[in-house]
Number of protein chains: 2
Amino acid sequence: MTPLDLTFQAIADPTRRAMVEHLARGPASVSEPAAPLDMMLSAVVQHLAVLETSGLVRSHKVGRVRTCRIEPVALQGAERWIAERRAVWDRRLDRLGEFLAEAGDTSAKSRRRR
Amino acid sequence: MTPLDLTFQAIADPTRRAMVEHLARGPASVSEPAAPLDMMLSAVVQHLAVLETSGLVRSHKVGRVRTCRIEPVALQGAERWIAERRAVWDRRLDRLGEFLAEAGDTSAKSRRRR
């Protein structure tokens, strides 16, 4: 699995996206990002493990409290991949637009010549 | 599964990302986007089914040829979700920066007063 596979896989789940949304607002303890989702702690721990494997979330333990924080750099690769696809697509549309404009121009000229 | 789940799930696979990359350059027949990947046609069809379910790719058949094209609108939702997380995170860092600048200002003033 490549880093991009892991990132997209991690955010393909609505619960994990909700946890990332919570952590984007600031670091939190393990139970906190899951509190509004009313989940079993075991499920939270499993989702956090997926997020940590993907590199989207880091956690560290001080005493008995484990604090999680988002690692926004991991999202950049995913954002870049999507933006690049869009750029390729946009360039394609631009070329198509230019072609149609030129074609329109040529046919207008040929009409005027008639 | 929500549209976002389906989109992220679809692009969490390197073969499907390669197919999207190919189709971003222009429509192609079913076998074409998979040709450089050296895959069995059955695997291609399966991956295309996932991409079509997610709405990222549309296909239509004329005679015996099925042509696929990308639907870039489907990528927009995914791009927006990531960009929003980054925006929340950036605002958080800005506030932290302002707080630190103010704290530095206050401590500089108190040093000058001494």
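So, how was this worked out
Residues numbered from 1 in each chain as written. Chains lettered and ligands numbered in written order. Predicted model: local features only at pLDDT ≥ 70, side-chain atom pairs only at ≥ 80, totals over all residues. Heavy atoms only, no water. Helix = DSSP H or I, 4+ residues; strand = E, 2+ residues; numbered from the N terminus. Rg over C-alpha atoms; globule rule 2.2 N^0.38 Å. Buried < 20%, exposed > 50% of the residue type's maximum accessible area, 1.4 Å probe, protein only. Pairing = 2+ DSSP bridges. Contact = heavy atoms within 4.5 Å. Axes fitted to C-alpha atoms, helices over the stretch in contact; angles between N-to-C directions. Salt bridge = Lys/Arg side-chain N within 4 Å of Asp/Glu carboxyl O. 1 Å grid on protein atoms, 1.4 Å probe; cavity = no way out; pocket = protein on both sides within 12 Å on 5 of 7 lines; lining within 4 Å. Points joined across faces, edges and corners; volume = space filled by probe spheres on them. Expected span 1.5 Å × (residues − 1). Arc of directions from axis to C-beta. Phe/Tyr/Trp six-rings, centres within 6.5 Å; stacked < 30°, edge-to-face > 60°. pLDDT = per-residue confidence, 0-100. Least-squares fit on C-alpha atoms with pLDDT ≥ 70 in both.

Student: Sorry if this is basic, but what is going on with the overall build of chain A here?
Tutor: Within chain A, the regular secondary structure consists of 4 helices and 3 strands. Its helices and strands taken in sequence order, chain A reads α-α-β-α-β-β-α from the N to the C terminus. Here chain A has a C-alpha radius of gyration of 24 Å; the compact-globule value for 114 residues is 13 Å, and the former is much larger. The principal-axis extents of the C-alpha atoms in chain A amount to approximately 85 × 25 × 25 Å. Burial status across chain A gives 37% buried among its 114 residues.

Student: Got a minute to help me understand the pairing of strand β3 (residues 65-70) of chain B in this structure?
Tutor: Remember that side chains alternate between the two faces of the sheet whenever the strand is regular. Residues and elements named next belong to chain B. Both strand β1 (residues 28-29) and β3 contribute to a ladder of 2 bridges, which runs antiparallel. Within β3, the position partnered with serine 29 by the bridge is threonine 67. Relative to β3, strand β2 (residues 57-62) is paired through 6 bridges, and the arrangement is antiparallel. From the neighbouring strand, valine 62 faces β3, where its bridge partner is valine 65.

Student: It is not clear to me how the sheet that holds strand β3 (residues 65-70) of chain A should be interpreted in this structure. Could you clarify?
Tutor: Residue and element names in this part refer to chain A. The antiparallel open sheet is built from 3 strands, whose spatial order is β1-β3-β2. Strands with a single pairing partner mark the edges of an open sheet, and in this sheet they are β1 (28-29) and β2 (57-62). The strands touched by helix α2 (residues 14-24) are β1, β2 and β3; relative to β3, the strand with the most contacts, the crossing angle is about 90 degrees. Its contacts with the sheet place helix α3 (residues 41-54) against β2 and β3, and it is angled at close to 115 degrees to β2.

Student: Would you explain the pattern of salt bridges in this entry?
Tutor: Any two side chains of opposite charge can pair, given that their charged atoms come close. Counted under the stated rule, the structure contains 9 salt bridges over all chains. Between aspartate 5 of chain A and arginine 17 of chain B there is a salt bridge, with its nearest N and O atoms 2.7 Å apart. Of this pair, aspartate 5 of chain A sits in helix α1 (residues 3-10) while arginine 17 of chain B sits in helix α2 (residues 14-24), placing the two residues on different chains. Of the two residues, aspartate 5 of chain A and arginine 17 of chain B, both sit in the buried class.

Student: It is not clear to me how empty space enclosed by the protein should be interpreted in this structure. Could you clarify?
Tutor: To locate leftover empty space, one rolls a probe as large as a water molecule over the atoms. With the rule as written, the count across this model stands at 1 cavity of 30 Å³ or more. Around the largest cavity, the lining residues are Arg85, Arg86 and Trp89 of chain A together with Ala24, Ile70, Pro72 and Leu75 of chain B.

Student: Any chance you could explain helix α3 (residues 41-54) of chain B here in plain terms?
Tutor: Residues spaced three or four apart along an α-helix face the same direction, because each turn holds 3.6 residues. All names here are of chain B. For α3, which comprises 14 residues, the first-to-last C-alpha distance of 20 Å matches the rise-based estimate of 20 Å (1.5 Å per residue) to within 8%. Every buried residue of α3 is accounted for by Val44, His47, Leu48, Leu51 and Ser54. Down the axis of α3, the buried set is contained in an arc of 115 degrees. They therefore lie on one face. For α3, the exposed residues lying more than 90 degrees away from the buried face are Ser42, Gln46 and Thr53. Taken from the residues just after α3, glycine 55 is the one with a positive phi, measuring 85 degrees.

Student: It is not clear to me how the packing of aromatic side chains should be interpreted in this structure. Could you clarify?
Tutor: Aromatic rings considered in pairs are described by the distance between their centres and by the relative angle of their planes. Enumeration over the complete set of coordinates arrives at 3 aromatic pairs over all chains. With a centroid separation of 6.0 Å and 75 degrees between ring planes, the pair formed by phenylalanine 8 of chain A and tryptophan 81 of chain A is classed as edge-to-face. Of the two residues, phenylalanine 8 of chain A is situated in helix α1 and tryptophan 81 of chain A in helix α4 (residues 73-113); the sequence distance between them amounts to 73 residues. Just as phenylalanine 8 of chain A is buried, tryptophan 81 of chain A falls in that class too. Grouped by ring-pair contacts, the aromatic residues Phe8 and Trp81 of chain A together with Phe8 and Trp81 of chain B constitute a single cluster.

Student: Could you clarify how one ought to interpret the confidence of the model for chain A in this entry?
Tutor: Should the pLDDT be low somewhere, the predicted coordinates at that spot are not to be read in detail. Residue and element names in this part refer to chain A. Model confidence for chain A is summarised by a mean pLDDT of 86, while 92% of its residues fall at 70 or above. No element of chain A has a lower mean pLDDT than α4, at 82, and none a higher one than α1, at 96. Of the two predicted TM-score estimates for the complex, the pTM is 0.81 and the ipTM is 0.79.

Student: Whenever I open this one, the relation of the copies chain A and chain B confuses me. Can you help?
Tutor: Structural alignment of chain A on chain B gives an RMSD of 0.0 Å, achieved by rotating through 180 degrees and translating 0.0 Å along the axis. With respect to symmetry, the two chain copies, as superposed, fit the operation of a two-fold axis. Every residue of chain A has its C-alpha some distance from the rotation axis, and the shortest such distance is that of phenylalanine 8 of chain A, at 2.6 Å. With an isologous cut-off of 70% or more, the 100% of interface residues of chain A that recur at the interface of chain B puts this contact in the isologous class.

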